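Coordinates in review
Read off the chains here:
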Amino acid sequence: MSFTMKEGGFGVGDYVAFGVLCASSCAGGVWYSAVGSRSKAVVDLKDYLLGGKAMSTFPVAMSLIASYVSGVTILGTPAEIYNYGSEYWLVVVGVTLSCLIVATVYLPVFCTLRLSSSYEYLELRFNRHVRAVASVLFLLDEVLFLPMVVYVPALAFNQLTGFNVFAVGGVMVLICGLYTVLGGLRAVVWTDSVQTGVMFIGVLLVAAAGTLAVGGVSAVVSIANESGRLEISNWSFSPYERQTGWGAIFGGFLYWTCFNSVNQTMVQRYIALPSKRKAITALFIFCIGAILAISLCVWCGLAAWGAWVQGGCDPSGSPLVGDQLLPAFVTYVAEVQHLPGLSGVFLAGVFGAGLSSLSAVLNACALVAVEDLLHGWLRLRLPPIAEGVLARSVTALLAVISLLMLIVIQKLGGVLGVATALSAIAASATCGIFTLGMSCWWVGPRGAAAGGAAGALLAGAVSLGSQAAAASGLRALPRNFTEACSANATFIPEQTIDPTTIFPLFRLSYHWIAPLGLLATIVVGMIVGWLFDKPDPSKMDAELFTPVVWRLLPKEAHENAGMTRQALPVKAESPAPSARLILEQLPDKVE
């Protein structure tokens, strides 16, 4: 049987499997929605946004995985491997390195200060205006990313069942928005943990059944190796090549660091745990889970390639294929292996992954709007009931915006590259501002603001320019075919546009957008801070800097260690941090 990329269809067993799994995965969210909708819960904003800072480690770790491993990863990665080969898999090295950096550089600062929002740090280190800039960048980032999260499951559902993309997206936003608005972080985390499990089950079943459909592991490896899709040999330093070893490792490392280190979606879960040890444990579980998810998706891409070659290289399945690859492959495998319900399980996994990412982002945006913009920048304190309603209103508004922006997303190219490019705009600039604050003691508000603006403008220009170039027809050529397939002249790929006519920065691979924005932020911030910022003794506190640079800090920073934390309002309901504080390590501390 040939794999044609036109497969689709949903049977009774698929509907049953999909319904049961989706209902069970959302049960926790429904429960916490009922609890969170009580009048007392509406007033308790800290419990709504941070889960009382007493969440359990494993559910938070699963929620961390769900925050990044969305339907974009599940559908985008196999198509990337099918078209361009296995170089992208090396991003798992970048994931590992980024988790080590987060645990040693950024996490100790957040766990020491025990803040409600990661951007609250920027006010302590710089001022409230820098905090507002980073908060707005974060909200902009999520407004651009949310439609991708909604579009991917809706696209898979449309391909398998024929339902309208906007109708499916509307139902998805309604379900997710309901339990996120009412249940808060507890509903999000506990629902994420179940949905992440469903996601892994779905992808694992597809990988296993797909391998058997092709003829086993050896057949998949042999076909992929013959066409060069198993090779990881392109170590070119050219930033214009879509996939290279250096791009996947170095670009992936910096992109994941930008995302994992200071993004409120992730930090909100770190500080929802009662101790630094548990936060690091959750980060370690996240690292393992992300590597496993990416590896499974890579293998699904190789298995789909093997099925296409083995079936005679049908012209409709020749690269460059789109993000419809994996749903088509799932229905192909279900028919070949006689597995009714497989498509339903897979779709439940994609749907759950999308719901998890959507709910995580919505909850984080609500916290940023209240804590950073309302409290931190505008200095407004509303009655608790009003703030609770405001947080839920922000969540509902962003859910509606994500649905409306599906019109724009439909016009863009492959979801993996688009999502990475768009989310790199704000993530790189924000991470750069935090890095300046935690490591460069001479940088003040002017340097931080100038660096953030430079990084966001550069990354935004490159990202949007590259998407415009892709929309006009610029596409990276796919990896080689097998000898049998290449004999067919219809498979010769052609560029529809001359790359040399495109501005060089707009031809960059999406792997290099985050490093470019991060570098611009740090370099500009360091120079402007050195030239125009005046030293502020009140900001010279060693606890505001990462432990990596403690030995390099001026003497007054060590003398003032702990003063910022001691000046913070006492939060009696928050557990004491388990990490040893800088104040406790200094012989000359002031009692």
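Because the structure is a prediction, the values reported are computed rather than measured.

1. Let's talk about the overall build of the protein chain
From N to C terminus, the protein chain includes 24 helices and zero strands. Each of the 591 residues in the protein chain was classed as buried or not, and the buried ones make up 61%. By sequence separation, contacts in the protein chain at least 24 residues apart represent 85% of the contacts at least 6 residues apart. Within the structure as shown, the protein chain displays about 22000 Å² of accessible surface, and the carbon and sulfur contribution to it stands at 68%.

2. Observations regarding the side chain of Ser 86
Within the secondary structure, Ser 86 sits in the loop between α5 (71–84) and α6 (91–113). According to the relative accessible area criterion, Ser 86 is buried, its value standing at 4%. Contacts of Ser 86, omitting those with residues within four sequence positions, involve Ile 81, Arg 229, Leu 230, Glu 231, Ile 232 and Leu 302.

3. What to know about helix α11 (residues 245–261)
The end-to-end C-alpha distance of α11 is 23 Å, a good match for the 24 Å that 17 residues give at a rise of 1.5 Å each. Of all the bends in α11, the largest measures some 25° and sits at Gly 252. Counting buried positions over the 17 residues of α11 gives 15, a clear majority of the element.

4. Focus: α6
For α6, spanning 23 residues, the distance from its first C-alpha to its last is 32 Å, which sits close to the expected 33 Å at 1.5 Å a residue. At Leu 107, α6 shows its largest kink, close to 50°, and the proline Pro 108 lies no more than four residues downstream. Counting buried positions over the 23 residues of α6 gives 17, a clear majority of the element. Of the residues flanking the end of α6, it is Arg 114, one or two places downstream, whose phi is positive at about 55°.

5. Structural notes on the packing of helix α14 (residues 325–336) against helix α15 (residues 342–377)
Following both chains from N to C, one finds α14 and α15 inclined at 155°, their axes separated by 9 Å at the closest point. In terms of axis orientation, α14 runs roughly antiparallel to α15. The way α14 lies across α15 gives a crossing that is right-handed. Contact with α14, carried on its side by Leu 326, Pro 327, Val 330, Thr 331, Val 333 and Ala 334, involves Leu 342, Ser 343 and Phe 346 of α15 and no other residues of that element.

6. Brief notes about the packing of helix α8 (residues 128–161) against helix α16 (residues 384–404)
Helix-helix packing: each pair is described by the crossing angle between the helix axes and the interaxial distance. In the contact formed by α8 and α16, the axes pass within 8 Å of each other and the chain directions differ by 65°. Our classification of the angle between α8 and α16 gives roughly perpendicular. Relative to α16, α8 is oriented so that their crossing is right-handed. Contact with α8, carried on its side by Val 143, Leu 146, Pro 147 and Val 150, involves Leu 398, Ile 401 and Ser 402 of α16 and no other residues of that element. Of the residues assigned to the contact of α8 with α16, the class counts are six nonpolar, one polar and no charged.

7. What about the confidence of the model for the protein chain?
The predicted model of the protein chain averages 82 in pLDDT, with 85% of residues at 70 or higher. Model confidence for the protein chain, summarised as mean pLDDT per element, is weakest for helix α24 (residues 582–585) at 39 and strongest for helix α21 (residues 513–532) at 95. Below pLDDT 50 for its whole length, residues 572–591 participates in 31 contacts with residues either more than four positions away or in separate chains.

8. Points about the pattern of salt bridges
Counted according to the given criterion, the structure contains six salt bridges. Between Glu 123 and Arg 131 there is a salt bridge whose closest N-O contact spans 2.5 Å. Taking relative accessible area as the criterion, Glu 123 reaches 16% and is therefore assigned buried. By relative accessible area, Arg 131 is classed as buried at 4%. Between Arg 131 and Asp 372 there is a salt bridge, and its shortest N-O distance comes to 2.8 Å.

9. Topic: the environment of Thr 4
Here Thr 4 is to be found in the segment before α1 (12–36). You can call Thr 4 buried: its relative accessible area is 18%. Every residue in contact with Thr 4, bar those within four places of it in the chain, is listed here: Asp 314, Ser 316 and Gly 317.

10. Focus on the nonpolar core
Ranked by internal contacts, the top residues of the largest apolar core, which has 167 residues, are Phe 3, Ile 74, Tyr 121, Phe 286 and Phe 329. The contacts of Tyr 121, once residues within four sequence positions are left out, are Val 109, Phe 110, Leu 113, Leu 115, Phe 434, Gly 437, Met 438 and Leu 544.

11. Looking at the environment of Arg 131
Following the sequence through the fold, Arg 131 ends up in helix α8. Between the C-alpha atom of Arg 131 and that of Tyr 119, which follows or precedes it by twelve residues, the distance is 5.6 Å. With residues up to four places along the chain from it excluded, the contact list for Arg 131 reads Tyr 119, Glu 120, Leu 122, Glu 123, Glu 371, Asp 372 and Gly 376. Side-chain polar atoms of Arg 131 contact the side chain of Asp 372, separated by 2.8 Å.

12. Regarding the packing of aromatic side chains
Counting across every chain of the model gives 22 aromatic pairs. Arranged with centres 5.4 Å apart and planes meeting at 15°, the rings of Phe 237 and Trp 246 form a pair that is stacked. With relative accessibility at 35%, the residue Trp 246 sits in the partly exposed group. Taken together, a centroid distance of 5.3 Å and an interplanar angle of 70° make the contact between Phe 503 and Phe 506 edge-to-face.

13. Points about the environment of Pro 445
Looking at the element boundaries, Pro 445 is found in helix α19 (residues 445–471). Using a relative accessible area of 30% as the deciding quantity, one classes Pro 445 as partly exposed. Taking C-alpha positions, Pro 445 is 6.5 Å from Val 130, a pair spaced 315 residues apart along the chain. With near-sequence residues (within four places) excluded, Pro 445 lies in contact with Phe 126, Asn 127, Val 130 and Asp 533.

14. Remarks on a nonpolar patch on the surface
On the surface, a nonpolar cluster with roughly 690 Å² of combined accessible area is contributed by Leu 519, Val 523, Ile 527, Trp 530, Leu 531 and Phe 532. Mapped onto the fold, Leu 519 is located in helix α21.

15. What about unusual backbone geometry?
Cis geometry marks the peptide bond from Pro 319 to Leu 320; its omega dihedral reads 15°. Its place among the elements puts Leu 320 in the loop between α13 (276–310) and α14. Unusually for a residue other than glycine, Cys 313 sits at a positive phi of about 60°. Backbone geometry places Arg 379, a non-glycine residue, at a positive phi of 60°. Mapped onto the elements of the fold, Arg 379 is located in the loop between α15 and α16. A relative accessible area of 46% means that Arg 379 is categorised as partly exposed.

Reading the values: the criteria
- Residues numbered from 1 in each chain as written.
- Predicted model: local features only at pLDDT ≥ 70, side-chain atom pairs only at ≥ 80, totals over all residues.
- Heavy atoms only, no water.
- Helix = DSSP H or I, 4+ residues; strand = E, 2+ residues; numbered from the N terminus.
- Buried < 20%, exposed > 50% of the residue type's maximum accessible area, 1.4 Å probe, protein only.
- Contact = heavy atoms within 4.5 Å.
- Areas by Shrake-Rupley, 256 points an atom, 1.4 Å probe, with all protein chains shown as cover.
- Expected span 1.5 Å × (residues − 1).
- Bend = angle between axes of the 7 residues up to and from the residue.
- Axes fitted to C-alpha atoms, helices over the stretch in contact; angles between N-to-C directions.
- Parallel < 35°, antiparallel > 145°, perpendicular 65-115°, else oblique.
- Left-handed = near helix turned anticlockwise from the far one by under 90°.
- Nonpolar A, V, L, I, M, F, W, Y, C, P; charged D, E, K, R; others polar.
- pLDDT = per-residue confidence, 0-100.
- Salt bridge = Lys/Arg side-chain N within 4 Å of Asp/Glu carboxyl O.
- Core = buried A, V, L, I, M, F, W, Y, C linked by side-chain atoms within 4.5 Å.
- Polar contact = N/O pair within 3.5 Å; in protein donor to acceptor, adjacent residues only side chain to side chain.
- Phe/Tyr/Trp six-rings, centres within 6.5 Å; stacked < 30°, edge-to-face > 60°.
- Patch = residues over 30% accessible without salt bridge, like charges linked within 9 Å, V, L, I, M, F, W, Y side chains within 5 Å.

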